[in-house]
Amino acid sequence: MSYVAPAIKDKFETLSIDLKNAILDRNVELYDIHDLINVLEQIVNEGEQEEQKV
């Protein structure tokens, strides 16, 4: 189960619903902005890898 710390909840809530769901589906624990950035980078990298396969 994912966790979003109150300290970054405001930043998290600015994301699109699809992006929030993609993050929460990963069962991550986000304590600070760096944790959030790392997960976002992972999602971008995975998206780029998928595009290269097509």
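Since the structure is predicted, the reported quantities are computational estimates derived from the model, not experimental observations.

Visitor: Please set out the pattern of salt bridges residue by residue, giving values where relevant.
Guide: Side chains that differ in charge, positive against negative, can pair when their charged atoms come close. Here the structure, examined in full by the defined rule, presents three salt bridges. Across the pair Glu46 and Arg26 runs a salt bridge whose closest N-O atoms are separated by 2.5 Å. Pair noted here: Glu46 is in helix α3 (residues 33-53) and Arg26 is in the loop between α2 (17-24) and β2 (29-30), with a separation of 20 residues, a long-range link. In this structure, Lys53 engages Glu50 in a salt bridge whose closest nitrogen and oxygen atoms are separated by 3.7 Å. One end of the pair, Lys53, and the other, Glu50, are both in helix α3, three residues apart, so they sit about a helical turn from each other. Taking the relative accessible area as the measure of exposure, Lys53 reaches 66% and is therefore exposed.

Visitor: Describe the nonpolar core, with residues and values.
Guide: Val4, Ile8, Phe12, Leu15, Ile23, Val28, Leu30, Leu36, Val39 and Ile43 form the largest nonpolar core, which has 10 residues in total. Residue contributions to this core peak at three residues, all from α3. Apart from residues lying up to four places away in sequence, Val28 is in contact with Met1, Ser2, Tyr3, Ile23 and Val39.

Scoring rules and cut-offs
Residues numbered from 1 in each chain as written. Predicted model: local features only at pLDDT ≥ 70, side-chain atom pairs only at ≥ 80, totals over all residues. Heavy atoms only, no water. Salt bridge = Lys/Arg side-chain N within 4 Å of Asp/Glu carboxyl O. Helix = DSSP H or I, 4+ residues; strand = E, 2+ residues; numbered from the N terminus. Buried < 20%, exposed > 50% of the residue type's maximum accessible area, 1.4 Å probe, protein only. Core = buried A, V, L, I, M, F, W, Y, C linked by side-chain atoms within 4.5 Å. Contact = heavy atoms within 4.5 Å.

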